[in-house]
Amino acid sequence: RSTLTERFVWDYWHVPGQYTLMRTAADDFFGEELYGRLCEALTDHGQKNLGCNSITQPWLSFYIDGCEQRMHTDSWHGPFAYVLSLTQWEG
């Protein structure tokens, strides 16, 4: 496994017993301006509402048949996690 953003497009990411998904670095996907606005909004929310100083690098992922997310910990990233869903559930 490697977490260098220079190598990602949509990368298959599998850790047995934890998760299977496709992912990419958010900064590569959104572009500099939109990515900056996203990080600023997340950081502001964390500081104002959760008492956090900073955020770790955001990643995007998607799931297809056979992909899953099981109970696991990414505690080295800090005490909180978030999901920003782009799924249109209705309509």
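Residues numbered from 1 in each chain as written. Predicted model: local features only at pLDDT ≥ 70, side-chain atom pairs only at ≥ 80, totals over all residues. Heavy atoms only, no water.

Quick word on the packing of aromatic side chains
Consideration 1: Tallying each qualifying case throughout the model produces three aromatic pairs.
Consideration 2: When the centroid spacing of 6.0 Å and the interplanar angle of 70° are considered together, the rings of W10 and F29 count as edge-to-face. One end of the pair, W10, is in the segment before β1 (11-15); the other, F29, is in helix α1 (residues 26-30), and 19 residues separate them in sequence.
Consideration 3: Residue classification places F29 among the partly exposed residues on the basis of a relative accessible area of 46%.
Consideration 4: The interplanar angle of 70° and the centroid separation of 4.9 Å between the aromatic rings of W10 and F62 together place this pair among those described as edge-to-face. (Phe/Tyr/Trp six-rings, centres within 6.5 Å; stacked < 30°, edge-to-face > 60°. Helix = DSSP H or I, 4+ residues; strand = E, 2+ residues; numbered from the N terminus. Buried < 20%, exposed > 50% of the residue type's maximum accessible area, 1.4 Å probe, protein only.)

With respect to the environment of A81
Consideration 1: You can see A81 is positioned in the segment after β4 (68-69).
Consideration 2: Under the relative-accessibility criterion, A81 is labelled exposed at 78%.
Consideration 3: Each C-alpha atom, one on A81 and one on T56, is 9.9 Å from the other, the two residues being 25 residues apart in sequence.

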